[in-house]
Amino acid sequence: MKSLLAKLRLYGSLIKSLQTGLLLGTGLAGYMSASCPITHWTTLLGLIGSLFLAISGSTILNMWYDRDIDSQMDRTRKRPLAAGKINPLVALQLGLVLSLVGVAWAVSINVLYGLIVFAGLFFDVVVYTIWLKRRTCWSILWGGISGGMPILAGRALSTGGLDWVGIVLSLAVLFWIPTHIMTFSMKYHEDYKAAGVPTFPSSYGFSLTRAAVAISSIVAALSMGIAAYGIGMTWGYLRMLVVLSAGLLTLAVSSLMKPSERVNFGLFKYASLYMLTSMLLMVMYGA
Amino acid sequence: MGPKMSALDRILLLATGVLAAFQIIVGIDNLSALPIWAYTTAFGILLLAGILLIIIGFDVLDSPAVVVVSTLIPLSLSLGLVWEHIPAWQVPYLIFVAIGFLAVAFSRAIPIPGKLSTFVLALVHGIAGLVIFLLPLGLVIQGKVPAGFALVGVGGALIGLGGLLLAFLKAGRPVLSREKILTVLPGLLLLMTAAFVGGFAFI
């Protein structure tokens, strides 16, 4: 029993629970932004299950492919695949099975929804991780597009099609991702450099990266506000979004004007909290 | 470096943030535009202060912007109260808020010799704090609002206390030691926010 639990914990760490949870949250928020109060519990459970499997599968496939560079970076060298604690072939099989089951389940619920989930997986694993991540720092754009797919998928499932609100919501996630990733790549600049992974700081310098973070934060906050207005959120929720966006912009501008490790770390953490809270607001409003 | 933040500190700050968020979302509807945005500013800063303290720790208080931004809490709260309850004072008080805020911001941005910057800070904080403390009490005594609204005055007293403690600490003339202030700060922020939220629930 003890060894089974240890094994589960080991394999569980392959899915990056926080990241998976956050992406799942965006998908849920996209769905609930148009389908509340919820009347189709089976569809909701299908959304949660299929998205969880597809996101987990793609995360495992990323970890499987990146295990060589993970083993060169201090931050990631203890990950189970990088540390050699898990057989790579088993991880590959697990990642493929979870991805396939997740996408198949998604298609069975709704074809458009399934296609968007598949697009997210494809952009993340093939375009971002395998093709571009080791070649150009602009790979982050494709990581962002892929990150915006769960919320678009959730929205498409609830409305039955693609609408401008869903696209703006996915744009909000797309432009939020540079804030999250670039602050991270500044913090672990040396790690990425050692592994030979091109990042914005290594390609364009810290100043330009901070400017890019500030601009993307502004666009993300604006997109979130426009989408929230499009959803029809009441003024109370919109005021709350304004406050949260003001915090994001203040930190981004502070990082630009007076750069420091502390502000950079604060921005990184706040950006995650911003996205989580924004999604929570949408869910709460819908409920 | 400040003292390490304890789990209790984080819980108190989280509760402060939740209360402030509640007030922003549902607590200030049915007012005119200016009070709504004034209260949103005040509770928004309280919410963001709670979040940033949790994320970054007490070190965030080292930022020179803290003095200026924290001044906005009593200024915007008092502006909202005056705008709602004393129509005759609306424009003069709005002018005081604008000038007071700019005076604090400039006195922090430009090095001024002597005690002028501390005096400006104490004056602006003091007047705004007294308005938040006395106005609700006066309205309750006159029977214009329910007795529970006096809680806003309690919040005003607490914000005056906390604001002045922090302001003088930042100005380099601490009334209490930094450690003592940081020990009571999360609890003070929660009590203050709870008093405001509780008080506003009566109108």
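In case you missed it, the structure is sitting above this.
Predicted model only: the values in this text are computed from it and were never measured. (Residues numbered from 1 in each chain as written. Chains lettered and ligands numbered in written order. Predicted model: local features only at pLDDT ≥ 70, side-chain atom pairs only at ≥ 80, totals over all residues. Heavy atoms only, no water.)

Novice: Would you mind going over the interface of chain A and chain B with me for this structure?
Specialist: A common measure of how large an interface is: the accessible area buried when the components associate. Residue-level contacts link 17 residues of chain A with 19 residues of chain B. Carbon and sulfur atoms supply 80% of the area that chain A and chain B bury against each other, a total of about 1,500 Å² over both sides. Of all residues in chain A, the largest losses of buried area upon contact with chain B belong to A:Arg239, A:Val243 and A:Arg262, amounting jointly to 45% of the total for that side. Taken together, chain A and chain B are joined by one salt bridge. Among the ionic pairs, A:Arg239 bridges to B:Asp29, the shortest N-O distance being 3.0 Å. Here chain A is connected to chain B by three residue pairs in polar contact (both at pLDDT 80 or more). Looking at the side of chain A that touches chain B, the elements with two or more residues in it are α13 (235-257) and α14 (261-286) of chain A. (Contact = heavy atoms within 4.5 Å. Buried area = accessible area lost by both parts, 1.4 Å probe. Salt bridge = Lys/Arg side-chain N within 4 Å of Asp/Glu carboxyl O. Polar contact = N/O pair within 3.5 Å; in protein donor to acceptor, adjacent residues only side chain to side chain. Helix = DSSP H or I, 4+ residues; strand = E, 2+ residues; numbered from the N terminus.)

Novice: Whenever I open this one, the nonpolar core confuses me. Can you help?
Specialist: Nonpolar side chains tend to gather and get buried jointly when the protein is soluble and globular. Membership of the largest hydrophobic core comes to 126 residues, with the highest contact counts inside it found for A:Tyr270, B:Phe43 and B:Leu77. Dropping the residues within four chain positions of it, B:Leu77 is found in contact with B:Tyr39, B:Ala42, B:Phe43, B:Ile132, B:Ile159, B:Phe196 and B:Phe200. By size, the runner-up hydrophobic cluster in this structure holds nine residues, among which are A:Leu14, A:Ile60, A:Met63 and A:Ala91. (Core = buried A, V, L, I, M, F, W, Y, C linked by side-chain atoms within 4.5 Å. Buried < 20%, exposed > 50% of the residue type's maximum accessible area, 1.4 Å probe, protein only.)

Novice: Sorry, what's going on with a nonpolar patch on the surface here?
Specialist: Residue and element names in this part refer to chain B. The grouping of Leu102, Phe106, Ile110, Ile112, Leu116, Phe119, Leu123 and Ile127 at the surface amounts to a nonpolar patch, some 720 Å² of accessible area in total. For the nonpolar patch, the elements supplying multiple residues, two or more each, are α4 (90-109) and α5 (116-141). Take the nonpolar patch: its biggest share by element is four residues, from α5. Turning to its location among the elements, Leu123 is positioned in helix α5. Of the residues examined, Leu123 reaches a relative accessible area of 42% and is grouped as partly exposed. (Patch = residues over 30% accessible without salt bridge, like charges linked within 9 Å, V, L, I, M, F, W, Y side chains within 5 Å. Areas by Shrake-Rupley, 256 points an atom, 1.4 Å probe, with all protein chains shown as cover.)

Novice: How should I be thinking about the pattern of salt bridges in this particular structure?
Specialist: It is possible for side chains bearing opposite charge to pair when their charged atoms get close. Residues and elements named next belong to chain A. One pass over the full model with this rule turns up eight salt bridges over all chains. Among the salt bridges present, the one from Asp68 reaches Arg134, with a minimum N-O distance of 2.8 Å. Residue Asp68 is found in helix α4 (residues 67-70), and its partner Arg134 is found in the loop between α6 (111-132) and α7 (139-147); the two are separated by 66 residues along the sequence. Among the salt bridges present, the one from Arg77 reaches Asp74, with a minimum N-O distance of 2.7 Å. Judged by relative accessible area, which is 55%, Asp74 ranks as exposed.

Novice: When you look at helix α5 (residues 88-109) of chain A in this model, what are you seeing that I'm missing?
Specialist: All names here are of chain A. For α5, built from 22 residues, the straight-helix expectation of 32 Å at 1.5 Å per residue is met to within 8% by its first-to-last C-alpha distance of 32 Å. Residues Ala91, Leu92, Gly95, Leu98, Ser99, Gly102, Val103 and Ala106 constitute the buried set of α5. The buried residues of α5 occupy an angular sector of 140 degrees when projected down its axis, which confines them to one face. Looking at α5, the residues exposed on the side facing more than 90 degrees away from the buried face are Leu89, Leu100 and Ser108. Along its buried surface, α5 packs onto α3 (41-65) and α6. N-cap assignment for α5: the residue whose side-chain oxygen lies 3.0 Å from the backbone N of Leu89 is Asn87. (Expected span 1.5 Å × (residues − 1). Arc of directions from axis to C-beta.)

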